[in-house]
Amino acid sequence: MIVAGPVIRSSNLDFFLARAAQARAEGDAATLDHVRERCQRSEAAWTALADKAQRSERLREEEAKRKAEAGLTS
């Protein structure tokens, strides 16, 4: 299904961003250095996944546009 693809990718991005925000909040609230550092690493990892998901989606959209302009189908 064509419609389900973007919805799934969007929900993945939302999930990654939500986990990054949660890790940031937990890190800000942490009183122990090692817990704060763990949360910072977690936030960085979730943010990297979100960035990758955004880049992948942008590339998919650009490829679909290129194919549409060239008269090609998926």
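Residues numbered from 1 in each chain as written. Predicted model: local features only at pLDDT ≥ 70, side-chain atom pairs only at ≥ 80, totals over all residues. Heavy atoms only, no water.

Novice: So what exactly am I meant to see when it comes to the environment of Ala 50 here?
Specialist: Looking at where Ala 50 falls in the secondary structure, it is placed in helix H2 (residues 33–70). Along the sequence, Ala 50 and Asn 12 sit 38 residues apart, while their C-alpha atoms lie 8.1 Å from each other. Not counting the four nearest positions on each side in its chain, Ala 50 is found in contact with Leu 13, Phe 16 and Leu 17. (Helix = DSSP H or I, 4+ residues; strand = E, 2+ residues; numbered from the N terminus. Contact = heavy atoms within 4.5 Å.)

Novice: I would appreciate a short explanation of the pattern of salt bridges in the present structure.
Specialist: Here the structure, examined in full by the defined rule, presents 5 salt bridges. A salt bridge links Glu 57 to Arg 60, with the shortest nitrogen-to-oxygen separation between them at 3.4 Å. Of this pair, Glu 57 and Arg 60 both sit in helix H2, 3 residues apart, which is roughly one turn of the helix. Of the residues examined, Glu 57 reaches a relative accessible area of 18% and is grouped as buried. Where Arg 66 meets Glu 63, a salt bridge forms, and the shortest distance between an N and an O atom there is 2.6 Å. Placement of both Arg 66 and Glu 63 in helix H2 is noted, with a separation of 3 residues, approximately one turn of the helix. Overall, the relative accessible area of 32% leaves Glu 63 in the partly exposed class. (Salt bridge = Lys/Arg side-chain N within 4 Å of Asp/Glu carboxyl O. Buried < 20%, exposed > 50% of the residue type's maximum accessible area, 1.4 Å probe, protein only.)

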